[in-house]
Amino acid sequence: MIIAAKHRLTTALFTLALTCGLQWGIAGAADLDALQEQGSIRVAIADEVPYAYMDDGDPKGPGPDVARHVLGELGIDDIEWIVTSFSDLIPGLKEDRFDMVAAEMAIQPNRCDEVIFSEPNTTYGEGLLVAAGNEENIRSYEDFARHNDLKVAVMAEANQIDTLRELGVPDSKIVTIQDNVDAIGAITSGRADAYAATSLTVSGLADRSNEVEVVFNFVDPVVNGDEVRSWGGFTFAQDSRELRDAVNEVLVPYKYTKEWEKTLRRYGFSKLDVLNSFKYSTEQLCED
């Protein structure tokens, strides 16, 4: 009797655990039907100007602006904006702390192994932020490989780390910071001589302080014969393909409208940036 009771209890607990596990598995995916039924979604950004940032509590940038349009077309109008560090975006998707990322994260093969992306929404080149006056005469990423006394700051998990390594910059010269806004302090305090980021990011930071400036005659990095350029898109957990596909169904035709182009141009993207956003598909960018 005792053995039978224990067996029944064990079976009941196993069934409960299995049921809960299935429910949690479903909850872990950003289910399109559920999101449309409730009319709300959790969207993360990394507070990086001009791609996706908070301005007096209002999310701005091509990421949030285009996301609002796309999600609105899908019947999802209530967006809970979550601001986190760039390095937390992919872990947050995996842990179901948000349903979608609108930070214009660069679509790269190593990231495609962990998450899935929409088709590209933006494209952008590289740049450097330095102390006002640029007394070290820094002009390129390669300068940090040539000069032993120069250090460069990079945001944690940013693709600039890989680019610098490809160009021969040792890890000992790379200073990792957690947030984009820490770049100015890293330079002014002497922790780093420059900050490597996209051209639009460094321009936005330079507007915040007279103590730093953009390297105006910056030499674009070239790796394996190709100029380094990134293509950014919306990011989702691996099991949110239905949501990602629905976003693509709206995003792809929207990119052929004047409204979409005006959105990008409003945040400093050039005509060339707009045209280059059509150059590659996500499938091509995810290839090794």
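Please refer to the structure placed before this passage.
This section reports on the structure supplied with the text. (Residues numbered from 1 in each chain as written. Predicted model: local features only at pLDDT ≥ 70, side-chain atom pairs only at ≥ 80, totals over all residues. Heavy atoms only, no water.)

**Let's talk about the sheet that holds strand β10 (residues 174-177)**
The mixed open sheet is built from 5 strands, whose spatial order is β10-β9-β11-β8-β12. Whereas interior strands pair on both sides, the edge strands pair on one side only; in this sheet they are β10 and β12 (212-214). In this sheet, neighbouring strand axes are inclined to one another by 30° on average, regardless of whether the strands run parallel or antiparallel. Sheet analysis places strand β9 (residues 152-155) next to strand β11 (residues 194-198), joined by 2 bridges and oriented parallel. (Pairing = 2+ DSSP bridges. Helix = DSSP H or I, 4+ residues; strand = E, 2+ residues; numbered from the N terminus. Axes fitted to C-alpha atoms, helices over the stretch in contact; angles between N-to-C directions.)

**A closer look at the pairing of strand β15 (residues 230-236)**
The buried count for β15 comes to 7 of 7 residues, which makes it a mostly enclosed element. In this sheet, β15 lies alongside strand β5 (residues 100-106) in antiparallel orientation, the contact comprising 3 bridges. Within β15, the residue paired with V101 across the bridge is T235. Sheet topology places strand β6 (residues 116-117) next to β15; 2 bridges connect them, and they run antiparallel. Residue pairing in the sheet places I116 in a bridge with F236 of β15. In this sheet, β15 lies alongside strand β7 (residues 122-124) in antiparallel orientation, the contact comprising 3 bridges. Bridging from a neighbouring strand, T122 pairs with G232 of β15. (Buried < 20%, exposed > 50% of the residue type's maximum accessible area, 1.4 Å probe, protein only.)

**Points about the packing of aromatic side chains**
In this structure the tally under the stated criterion is 7 aromatic pairs. A centroid spacing of 6.5 Å and a plane angle of 85° characterise the contact between Y53 and Y267, whose relative ring orientation is edge-to-face. Taken together, the residues Y53 in strand β2 (residues 53-55) and Y267 in the loop between α11 (258-266) and α12 (271-276) connect sequence positions 214 residues apart. Relative to F278, the ring of W260 has its centre 5.8 Å away and its plane inclined at 75°; by these criteria the two rings are edge-to-face. Placement of W260 in helix α11 and of F278 in the loop between α12 and α13 (282-285) is noted, with a sequence separation of 18 residues between them. Positioned over the ring face of F278 is K255, at 4.5 Å from the centre of the ring. (Phe/Tyr/Trp six-rings, centres within 6.5 Å; stacked < 30°, edge-to-face > 60°. Lys NZ or Arg CZ within 6 Å of the ring centre and 35° of its normal.)

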